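Each chain, letter by letter, is given below.
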Amino acid sequence: MIESLHSPHIARVKALISSKGAKERRESARYVAEGAQFVREAIKAKAIDQIDVLYLTANGRARLENDKIDLSKFKCEDVTDPVMKAMSETISPQGILAICKIPNPNLENLKLSGQSILLYLHEIQDPGNAGTILRSADALGATAVITSPGSVDMYSPKVVRSTAGSHWHLPIFERISLELLQDAIPKLNFATLSADGKKSIRDYQVTGNTVLIFGNEARGLADLKLPTSADALSISMAGNAESLNLSAAASIVLYELTAKIADDK
């Protein structure tokens, strides 16, 4: 049982979740995740070996045991409630916190179906948007999520909290330029979302492995050199709002296109 508030375990967790934690996460290839849902999704994805250590309070342990989770498969450390509170960023911790490995997938090894959908996020900054898009990509069957240099850290605590465990289910590629993506995976189709897009998403057909490009919340894609063949898509809106939140727009586009792919099979 870890009881001391001066424990090196606390220091390690705090280094990974602090405001300067991005450097520590990159160098150690580790990140922090909290909650029972994250553990359940790791089991579902057969990724237990990707969890270095699972910290549990008495209540956290009881919660997982009540869910019939075999904790003997994890390296567990029991901690007091004050220690968990010192580790956690949340106001009311569930008593379940893990240090996890950051995968290092290879673009060249990505398995594509011929109608795979890849999401490319260009310099997005909002962790909530990033997490929601990742969760939608997982739910709706995207093949991968790719971020550009200058985008939010996909393993920051705020992003991780908003994904509800979707990190386990699809590959994430960070700090990848569009040029590098094109070099690594040839013969990709590209599509962007724009208020003045020439083609409605309802009229767009996925005819090959396709990259959906979404831009920065403020600047959009103004500073990105797009492939000349990229299609500019739009979402038809019957209401009065001028625009949609980035994550909402991405989810709508992804739903429309993956539904068409499913209907074609």
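Residues numbered from 1 in each chain as written. Predicted model: local features only at pLDDT ≥ 70, side-chain atom pairs only at ≥ 80, totals over all residues. Heavy atoms only, no water.

Caption draft 1: Summary view of the sheet that holds strand E6 (residues 144-147). Reading across the sheet, the 7 strands line up as E7-E6-E5-E10-E8-E11-E9 and stay open at both edges, with parallel pairing between neighbours. With one partner strand each, in any of the chains shown, strand E7 (172-173) and strand E9 (199-200) form the two edges of the open sheet. Relative to E6, strand E5 (residues 117-121) runs parallel, the two being bridged by 4 bridges. By the bridge assignment for E6, Leu-118 is matched with Ala-144. Helix H6 (residues 127-140) contacts E5, E6 and E7 of the sheet and is inclined by roughly 175 degrees relative to E5. Sheet contacts for helix H9 (residues 246-264): E5, strand E8 (189-193) and strand E10 (210-214); angle to E10, the most-contacted strand, approximately 165 degrees. (Pairing = 2+ DSSP bridges. Helix = DSSP H or I, 4+ residues; strand = E, 2+ residues; numbered from the N terminus. Contact = heavy atoms within 4.5 Å. Axes fitted to C-alpha atoms, helices over the stretch in contact; angles between N-to-C directions.)

Caption draft 2: Just the pattern of salt bridges, in detail. If you walk through the whole model with that rule in mind, you get 13 salt bridges. The partner of Arg-40 in a salt bridge is Asp-67, with the nearest N and O atoms 2.8 Å apart. One end of the pair, Arg-40, is in helix H3 (residues 36-44); the other, Asp-67, is in the loop between helix H4 (58-66) and strand E3 (76-78), and 27 residues separate them in sequence. The class for Arg-40 is partly exposed, based on a relative accessible area of 31%. Its salt-bridge partner being Glu-256, residue Arg-202 comes within 3.3 Å of it at the nearest N-O pair. With a gap of 54 residues between them, Arg-202 in the loop between E9 and E10 and Glu-256 in helix H9 connect regions that are remote in the sequence. Classification of Arg-202 by relative accessible area gives exposed; the value is 61%. Relative accessible area serves as the criterion here: at 16%, Glu-256 is assigned to the buried category. It is possible to trace a salt-bridge network through shared partners that takes in Arg-12, Arg-30 and Asp-52. (Salt bridge = Lys/Arg side-chain N within 4 Å of Asp/Glu carboxyl O. Buried < 20%, exposed > 50% of the residue type's maximum accessible area, 1.4 Å probe, protein only.)

Caption draft 3: Geometry of the packing of aromatic side chains. Scanning all chains against the criterion turns up 3 aromatic pairs. For the pair Tyr-31 and Tyr-155, a centre-to-centre distance of 4.8 Å together with 55 degrees between the ring planes defines the contact as tilted. Placement of Tyr-31 in strand E1 (residues 30-34) and of Tyr-155 in the loop between E6 and helix H7 (157-163) is noted, with a sequence separation of 124 residues between them. In terms of burial, Tyr-31 and Tyr-155 fall into one category: buried. The rings of Tyr-31, Phe-38, Tyr-155 and Trp-168 are connected pair by pair, giving a single aromatic cluster. (Phe/Tyr/Trp six-rings, centres within 6.5 Å; stacked < 30°, edge-to-face > 60°.)

Caption draft 4: Representation of the environment of Gln-125 in the model. Structurally, Gln-125 can be placed in the loop between E5 and H6. Between the C-alpha atom of Gln-125 and that of Ser-151, which follows or precedes it by 26 residues, the distance is 5.8 Å. Excluding its chain neighbours within four sequence positions, the residues that come into contact with Gln-125 are Gly-150, Ser-151, Val-152, Asn-216 and Glu-217. A distance of 2.7 Å separates a polar atom in the side chain of Gln-125 from the backbone oxygen of Gly-150. (Polar contact = N/O pair within 3.5 Å; in protein donor to acceptor, adjacent residues only side chain to side chain.)

Caption draft 5: H3, seen in detail. The set of residues buried in H3 consists of Ala-36, Phe-38, Val-39, Glu-41 and Ala-42. On its buried side, H3 packs onto E1, strand E2 (51-56), H4, strand E4 (96-101) and H7. One or two residues past the end of H3 sits Lys-46, with phi positive at roughly 55 degrees.

Caption draft 6: Summary view of the pairing of E2. Burial runs high along E2: 5 of the 6 residues are buried. In this sheet, E4 lies alongside E2 in antiparallel orientation, the contact comprising 5 bridges. What sits directly across from Ile-51, in E4, is Cys-100. Pairing of E2 with E3, which is carried by 3 bridges, proceeds in the parallel orientation. Along E3, the bridge assignment pairs Leu-54 with Cys-76.

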